[in-house]
Amino acid sequence: VQEIWGMCTIDAFASAATSMLPRYWTAMPVQGSAGTDAFSQQLAGERVWAHPPPSLLLMLWQLLLLPERTAEVLVCAPYWPSAVWFAPLLELCDEYITYEAGSLERVAADAPARLSEWPLIVFHIPPPM
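The structure displayed is predicted, hence computed values, not measured ones.

Colleague: Would you mind going over the packing of aromatic side chains with me for this structure?
Modeller: Ring pairs (aromatic) are described by centroid distance and by the angle formed between their planes. Applying the stated criterion to the full structure yields six aromatic pairs. When the centroid spacing of 5.5 Å and the interplanar angle of 65° are considered together, the rings of Phe13 and Phe39 count as edge-to-face. One end of the pair, Phe13, is in strand 1 (residues 10–14); the other, Phe39, is in the loop between strand 3 (35–36) and strand 4 (47–50), and 26 residues separate them in sequence. Taking the relative accessible area as the measure of exposure, Phe13 reaches 18% and is therefore buried. Classification of Phe39 by relative accessible area gives buried; the value is 19%. Summarising the aromatic geometry, the rings of Trp80 and Trp85 are spaced 6.2 Å apart at their centres and angled 45° between planes, so their arrangement reads as tilted. A relative accessible area of 30% places Trp80 in the partly exposed class. One aromatic cluster is present, formed by Tyr79, Trp80, Trp85, Phe86, Trp118 and Phe123 through successive ring pairs.

Here it is, written out as structure tokens:
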């Protein structure tokens, strides 16, 4: 994904064990984290990797609609077209990539147990014009 859209600067929904980037935000304060609670961070001047739990995807979509957002955001989500958040994210993106089930593996205990069984989509959400 980063080869296509460029290197991300922050991993928005990470833990110390699951972070894919040197800078990351965690749900709770952790040593090494650049901040906590992705929903309270400034989405400005970043290329954000956002792979939240599916239960937070609708809330993330609402955050992406805020006019003060200037960040480019790559949203990794299960490929679930019937989910309430899927169509709104699809409408907001300018490009997307899909991956077959098994493209991700569970790397930490706080990752969903069935993660490797889900087909995936990565939505490219450009900065607002």
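Colleague: Help me out: how do you make sense of the pattern of salt bridges in this one?
Modeller: Pairing of side chains with opposite charge becomes possible as their charged atoms draw close. Summed over all chains, the structure comprises two salt bridges. Its salt-bridge partner being Arg23, residue Glu46 comes within 2.9 Å of it at the nearest N-O pair. In this pair, Glu46 is assigned in the loop between strand 3 and strand 4 and Arg23 in the loop between strand 1 and strand 2 (24–26), connecting sequence segments 23 residues apart. Arg23 sits in the partly exposed class, given a relative accessible area of 35%.

What counts and what doesn't
Residues numbered from 1 in each chain as written. Predicted model: local features only at pLDDT ≥ 70, side-chain atom pairs only at ≥ 80, totals over all residues. Heavy atoms only, no water. Phe/Tyr/Trp six-rings, centres within 6.5 Å; stacked < 30°, edge-to-face > 60°. Helix = DSSP H or I, 4+ residues; strand = E, 2+ residues; numbered from the N terminus. Buried < 20%, exposed > 50% of the residue type's maximum accessible area, 1.4 Å probe, protein only. Salt bridge = Lys/Arg side-chain N within 4 Å of Asp/Glu carboxyl O.

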